[in-house]
Amino acid sequence: MKAVRFHEYGGVDVLRVEDVPRPEPGPDQLLVEVRAAGIQPGEAHIRSGGLHARWPATFPSGQGSDLAGVVVALGSEVRGFAVGDEVLGFTHRRASHAQYVVADDVHVVHRPRGLSWDVAGALYVAGTTAYATVFATDPTPSDTVVVSGAAGGVGSLAVQLARRRGATVIGLASTRNHGWLAEHGVVPVAYGDGVGDRIRAAAGGRVDAFIDTIGNGYVELAVSLGVRPERIDTIRDWQAAAKVGARTYGEGSAASAVVLGELARLAAGGELEVPIARAYPLESVREAFRDLEQGHTHGKIVLHP
């Protein structure tokens, strides 16, 4: 089968699409023929070596957590699934950027009717991360919540989940994404110089919680806005979080098929929009990551093996 591999840390040019043996499922695993697999900023940081201390790579390394596809083989102890079932889920083995992937049976759910392959294949990391950030900040109908990177893969879902809690949500994004945010009941605010003053004006003076998907000083900004540290959550700036006592709930805090299944149900029913920016064939994985690493994508980018 074809699979993405890299043999050393570096830029997108270290990524290769190679011929590798097709894996065999273990007793409690499924072999899935992949139809769509999302790509993540974290994967770019792992590949560059920037997260070696936290998540080291073993070479040659694969890539990919998100997956959606069709079950083609089952382990002897798997129950509740059959060959031919359409599923979505995740793997912790950095392996879903490939034509076939093995996934544990507790890490997949059936694809709901009406859920596109691209959304199914892009939902796990962004969806569970967004779910965890909202859980960590616990917005209520009387709260005002700010979300940085509000039009990105995680942010676009976090703003919607916070709105479902009834909170007033202020979304920081470029002006070209303000229309989308407003359509989803979010108060759009441009990031950049003077953002603190713009947030105060939009909030009417009080901010209760802050979800940071970007880093780059937003934890400190939240503190300056008067947000209590226990109601600040960042998925990028762990150092700043440790300094002020903020939370760092992310994908790992909600990594379960139960959460994924609920998000899939909401998306299939039109209650949660998962924006898909673009899709690339597996052979164009370098171009996909160049696109992602520009940092201005509205929604998710997926690969089609």
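Calculation rules
- Residues numbered from 1 in each chain as written.
- Predicted model: local features only at pLDDT ≥ 70, side-chain atom pairs only at ≥ 80, totals over all residues.
- Heavy atoms only, no water.
- Buried < 20%, exposed > 50% of the residue type's maximum accessible area, 1.4 Å probe, protein only.
- Helix = DSSP H or I, 4+ residues; strand = E, 2+ residues; numbered from the N terminus.
- Pairing = 2+ DSSP bridges.
- Axes fitted to C-alpha atoms, helices over the stretch in contact; angles between N-to-C directions.
- Contact = heavy atoms within 4.5 Å.
- Left-handed = near helix turned anticlockwise from the far one by under 90°.
- Nonpolar A, V, L, I, M, F, W, Y, C, P; charged D, E, K, R; others polar.
- Arc of directions from axis to C-beta.
- Core = buried A, V, L, I, M, F, W, Y, C linked by side-chain atoms within 4.5 Å.
- Phe/Tyr/Trp six-rings, centres within 6.5 Å; stacked < 30°, edge-to-face > 60°.
- Lys NZ or Arg CZ within 6 Å of the ring centre and 35° of its normal.
- Right-handed = clockwise from strand over helix to strand, strands pointing away.
- Parallel < 35°, antiparallel > 145°, perpendicular 65-115°, else oblique.

The name given to the protein chain in an unreviewed UniProt entry is NADPH:quinone reductase, with the source organism recorded as Actinocatenispora comari.

Novice: I'd like a description of the pairing of strand E5 (residues 86–90), backed by residues and values.
Specialist: For E5, the buried fraction is high: 4 of the 5 residues fall into the buried class. Relative to E5, strand E4 (residues 66–74) runs antiparallel, the two sharing 5 bridges. Paired with Leu67 across the two strands is Gly89, which belongs to E5. The sheet contact formed by E5 and strand E7 (residues 108–110) spans 3 bridges and is antiparallel. Paired with Gly89 across the bridge in E7 is Val108.

Novice: For the environment of Ala136, give the residues involved together with the corresponding values.
Specialist: The topology assignment puts Ala136 in helix H2 (residues 117–137). Ala136 sits in the buried class, given a relative accessible area of 4%. Measuring from C-alpha to C-alpha, the distance between Ala136 and Val14 comes to 36 Å, with 122 residues separating the pair along the chain.

Novice: I'd like to hear about the sheet that holds strand E8 (residues 144–147), residue by residue, with values.
Specialist: Pairing in this open sheet of 5 strands is parallel, and the strands run E10-E9-E8-E11-E12 from one edge to the other. Each of the sheet's edge strands pairs with one partner strand only, and the pair in question is strand E10 (187–189) and strand E12 (232–234). If you compare each strand with its neighbour and ignore which way they point, the axes differ by 15° on average. Across 3 bridges, the pairing between E8 and strand E11 (residues 209–212) is parallel. Residue Val147 lies in a different strand from E11, and its bridge partner there is Ile211. Along the sheet face, H2 touches E11 and E12 and points at about 155° away from the line of E11.

Novice: Explain the packing of H2 against helix H8 (residues 257–268) to me, using residue names and the numbers behind them.
Specialist: It is at 9 Å that the axes of H2 and H8 come closest, and there the two elements cross at 115°. Note that H2 runs across H8; the crossing there is right-handed. Where H2 approaches H8, its residues Val119, Leu123, Tyr124, Gly127, Thr128 and Tyr131 are matched on the opposing element by Val259, Leu260, Leu263, Ala264 and Ala267. Considered class by class, the residues forming the contact of H2 with H8 number 9 nonpolar, 2 polar and no charged.

Novice: Go over helix H9 (residues 285–293), please, and point to the residues and values.
Specialist: Every buried residue of H9 is listed here: Val285, Ala288, Phe289, Asp291 and Leu292. Buried residues of H9 fall within an arc of 155° about the axis and therefore sit on the same side. Where the residues of H9 are buried, they touch strand E1 (2–5), strand E2 (16–19), helix H1 (41–48), strand E13 (276–281) and strand E14 (300–304). The first or second residue beyond H9 is Gly295, which carries a positive phi of 80°.

Novice: Talk me through the nonpolar core; I want residue IDs and the actual numbers.
Specialist: Counting residues in hydrophobic clusters, the biggest one holds 45 residues, and the most contacted among them are Leu88, Val147 and Val159. No other element matches H2, which puts 10 residues into this core. One finds Leu172, Val219, Ala222 and Ala241 within the second-largest nonpolar core, a separate group that totals 19 residues.

Novice: An account of the packing of aromatic side chains is requested, with residue identities and associated values reported.
Specialist: Tallied over the full model, the rule gives 6 aromatic pairs. In this structure, Arg47 is placed above the aromatic ring of Phe289, and the distance from its NZ or CZ to the ring centre is 5.6 Å.

Novice: I'd love a proper account of the side chain of Gln63, names of residues and values included.
Specialist: Turning to its location among the elements, Gln63 is positioned in the loop between H1 and E4. Under the relative-accessibility criterion, Gln63 is labelled buried at 3%. Other than its neighbours up to four places away in sequence, Gln63 contacts Val4, Phe6, Leu15, Glu43, Arg47, Arg94, Ala95, Ser96, His97, Val285 and Phe289.

Novice: Outline the pairing of strand E9 (residues 168–172), listing residues and values.
Specialist: A regular strand places its side chains on the two faces of the sheet in alternate fashion. The buried fraction of E9 amounts to 4 of the 5 residues, a majority that puts the element mostly inside the structure. For E8 and E9, the ladder comprises 4 bridges, and the chain directions are parallel. What sits directly across from Val146, in E9, is Ile170. Taken together, E8, helix H3 (residues 155–164) and E9 form a β-α-β motif whose crossover is right-handed. With 3 bridges connecting them, E9 and E10 associate as parallel partners. Each bridged residue has a counterpart across the sheet, and for Ile170 the counterpart in E10 is Val187.

Novice: Before we move on, can you summarise the packing of H1 against H9 with the specific residues and values?
Specialist: The N-to-C vectors of H1 and H9 enclose an angle of 110°; their axes lie 10 Å apart at closest approach. Relative to H9, H1 is oriented roughly perpendicular. On H9, the residues touching Pro41, Glu43, Ala44 and Arg47 of H1 are Phe289, Leu292 and Glu293. Per-class residue counts for the contact of H1 with H9 are 4 nonpolar, no polar and 3 charged.

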